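Descriptive analysis of the structure
For reference, the chains in residue letters:
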Amino acid sequence: MKVSVIGGGSWATAIVKILSENSRINIRWWMRNADAVEHIRKLHHNPKYLSSVEFHPSKVKAYHKIKDAVKGSEIIILAVPAAFLAESLNDLSLKHFENKAVISAIKGMIPETHQLVTDFIKEKYQVPLERQAAIAGPCHAEEVAFEKNSYLTIASPDISLAENFADLMNCRYVRTSAISDLYGVEYTAVMKNIVALACGITHGLGAGDNFQAVMVSNAMLEIKRLLSAVAPAERELNASAYLGDLLVTAYSQFSRNRSFGNMIGRGYSVKTAQLEMNMIAEGYYAVKSIAKLNEQWQIDMPITRFAHAVLYEKNSLKKEFNSLKNSLF
Ligand SMILES: NC(=O)C1=CN([C@@H]2O[C@H](COP(=O)(O)OP(=O)(O)OC[C@H]3O[C@@H](n4cnc5c(N)ncnc54)[C@H](O)[C@@H]3O)[C@@H](O)[C@H]2O)C=CC1
Ligand SMILES: O=C(CO)COP(=O)(O)O
């Protein structure tokens, strides 16, 4: 089976490693950086992300042209930050997606249209949601590189697609399961990034573990209100695809969103924090989309409001922190 992976960052690299464990799969890996493609072809490592991981050339072929990477594959996995997705797929047309399953590994929203990734793919490339899935669950790429035990949940309205893909990703150190709640896991992934940003900001401002625990429990309620309003369904929010992902992102040393927020809380400008990190904090873009959408939804979201006010309204950090403190319980 041929599987295409789109993206050259840490999560794409981790996904290629996981899929390489499966003897049934050949991977066609696209990334925009031509030097990185050459490096992988010659030296079998991604030079910029998870560079300790070695790829076997008979299993993993790297491409600089996206059309070559998707040729003949049955599954396309999207693993670039949401803000760069439209631009990354620019050279592809409807025919490149015909009869293929599309799996989103992205935990963000399309900034220009405020769409979930699967809605964007459905609208632009006419791939129905039943041919799409999302990879959810608490999992940092860095831990995959070290083969630390991890759990992933694959969500698709077509449960057999979710189960089949979950089966492909199951390996010695990754255990997978399948559910049908596609929108639920996509919105939760977007929200947990925003919450982790807010946790980082408040930590940077001096808040301790007591406050963070209150933030995270309030965040679950905020996510629950959002899901009940925009994607109502029976779901187990305590499952690892929801609560687990929120916890790892809010607490982990590897979390980009938390680290980015922490720098903001300590007084860095957005530009400096971005330069310092060299990785993407999806929550920075997503908070703008969720705040915009909430002008219509009118859901009570104090944590999102706090992150938006700090990052985009340039309000005083101290004033916003005080108002957040008064909204939590
Ligand atoms: N890193 C992780 O542990 C996990 C990441 N994800 C999600 O995976 C997606 C990809 O994120 P990561 O691999 O973590 O990214 P990353 O932060 O490791 O790497 C950044 C990526 O963005 C690309 N990029 C940077 N500037 C660009 C530009 N101007 N135009 C086009 N591409 C540009 C880089 O080439 C690189 O592929 C995100 O939605 C993230 O939320 C999901 C689960 C785990
Ligand atoms: O989604 C993730 C872990 O499950 C990654 O979160 P960060 O982008 O904050 O590192």
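Keep in mind that what you see is a predicted model, and the values were worked out from it rather than measured. (Residues numbered from 1 in each chain as written. Chains lettered and ligands numbered in written order. Predicted model: local features only at pLDDT ≥ 70, side-chain atom pairs only at ≥ 80, totals over all residues. Heavy atoms only, no water.)

**Structural notes on the overall build of the protein**
So the rule is basically this: The helix count covers DSSP runs of H or I at least four residues long, the strand count covers runs of E at least two residues long, and both are numbered beginning at the N terminus. A radius of gyration in this sense is built from C-alpha atoms; the matching globule rule multiplies 2.2 Å by the number of residues raised to 0.38. The rule is simple: take the accessible area with a 1.4 Å probe, protein chains only, and divide by the maximum for that residue type; under 20% is buried, over 50% is exposed, in between is partly exposed. Any two residues whose heavy atoms approach within 4.5 Å are treated as being in contact. We treat Lys and Arg as the positive residues and Asp and Glu as the negative residues; His and chain ends play no part in the count. By convention, the point assigned to a charge is CZ for Arg, NZ for Lys, CD for Glu and CG for Asp.
Tallying secondary structure elements over the protein gives 16 helices and 10 strands in all. Taking 2.2 N^0.38 as the reference for a compact globule, 329 residues should give roughly 20 Å; the C-alpha atoms of the protein span a radius of gyration of 19 Å, in line with that estimate. The principal-axis extent of the C-alpha atoms belonging to the protein is close to 55 × 40 × 35 Å. Burial status across the protein gives 56% buried among its 329 residues. A fraction of 72% describes how many contacts in the protein between residues 6 or more apart in sequence connect residues 24 or more apart. Put simply, the protein has 37 plus and 32 minus side-chain charges, and the middle of one group is 4 Å from the middle of the other.

**Description of the pattern of salt bridges**
Threshold: Salt bridge, as applied in this entry: a Lys or Arg side-chain nitrogen positioned within 4 Å of an Asp or Glu carboxyl oxygen.
One pass over the full model with this rule turns up 14 salt bridges. Put simply, Lys-17 and Glu-147 hold a salt bridge, and the shortest N to O gap is 2.6 Å. Of this pair, Lys-17 sits in helix α1 (residues 10-20) while Glu-147 sits in the loop between α7 (141-145) and β9 (150-155); the two residues are 130 residues apart in sequence, bridging distant segments of the chain. Using a relative accessible area of 11% as the deciding quantity, one classes Lys-17 as buried. Each of Lys-17, Glu-21, Glu-147 and Arg-172 takes part in a single network of salt bridges with overlapping partners.

**A short note on the UniProt feature "binding site: NADPH" (unreviewed entry) in the protein**
What counts here: UniProt positions are given in the numbering used here, feature names are shortened, and annotations may be inferred rather than shown by experiment.
Residues annotated in UniProt with the feature "binding site: NADPH" (unreviewed entry) correspond here to Ser-10, Trp-11, Arg-32, Tyr-49, Lys-107, Ala-141, Arg-256, Ile-280 and Glu-282. Along the polypeptide, Glu-282 turns up in helix α14 (residues 282-297). Glu-282 sits in the buried class, given a relative accessible area of 10%. Those residues within four positions of Glu-282 in sequence are excluded, and the remaining contacts are Pro-81, Ala-82, Ile-106, Lys-107, Gly-108, Asn-193 and Asn-257.

**With respect to the site of ligand 1**
Worth spelling out the cut-off: The near set for a molecule or strand comprises every residue that places at least one heavy atom within 4 Å of it. Under the rule applied, a polar contact is a pair of N or O atoms within 3.5 Å (in protein, one hydrogen donor and one hydrogen acceptor; residues adjacent in sequence only if both atoms are side-chain atoms). Note that accessible areas follow from Shrake-Rupley with a 1.4 Å probe, and for residues the cover is restricted to the protein chains shown. Gly falls in the polar group here, along with every residue not listed as nonpolar (Ala, Val, Leu, Ile, Met, Phe, Trp, Tyr, Cys, Pro) or charged (Asp, Glu, Lys, Arg).
Around ligand 1, the structure places 21 residues, and the nearest of them are Ser-10, Ala-141, Arg-256, Ile-280 and Glu-282. In this structure, Arg-256 approaches ligand 1 through a side-chain N or O atom, which is 2.6 Å from a nitrogen atom. Considered on its own, ligand 1 offers 820 Å² of accessible surface; in the complex 87% of this is hidden by protein. Each residue belonging to the shell around ligand 1 can be placed in one class, and the counts come to 12 nonpolar, 4 polar and 5 charged.

**So, the packing of aromatic side chains**
Note the cut-off: Ring geometry is summarised as follows: Phe, Tyr and Trp rings, the Trp one being its six-membered ring, pair when their centres sit within 6.5 Å, and such pairs are stacked at plane angles under 30 degrees, edge-to-face over 60 and tilted between the two.
By the definition in use, this model includes 9 aromatic pairs. Both rings, one in Trp-29 and one in Phe-55, keep their centres 5.1 Å apart while their planes meet at 70 degrees; by these two values the pair is edge-to-face. Of the two residues, Trp-29 sits in strand β2 (residues 26-30) while Phe-55 sits in the loop between α2 (34-43) and β3 (60-63), which places them 26 residues apart along the sequence. Of the two residues examined, Trp-29 and Phe-55, each falls in the buried class.

**Focus on the packing of helix α10 (residues 209-230) against helix α15 (residues 302-312)**
Just so we agree on the cut-off: Only the stretch in contact is used when a helix axis is fitted, and all axes are lines through C-alpha atoms; the angle between N-to-C directions ranges over 0 to 180 degrees. Note on terminology: angles under 35 degrees are roughly parallel, angles over 145 are roughly antiparallel, angles of 65 to 115 are roughly perpendicular, and the others are oblique.
Two elements in contact, α10 and α15, have axes whose closest approach is 8 Å; the angle formed by their N-to-C orientations is 105 degrees. Taken together, α10 and α15 sit at an angle that is classed as roughly perpendicular. Counting all contacts with α10, which are made through Met-215, Asn-218, Ala-219, Glu-222 and Arg-225, the residues of α15 involved are Pro-302, Ile-303 and Thr-304. For the contact of α10 with α15, the per-class residue count stands at 4 nonpolar, 2 polar and 2 charged.

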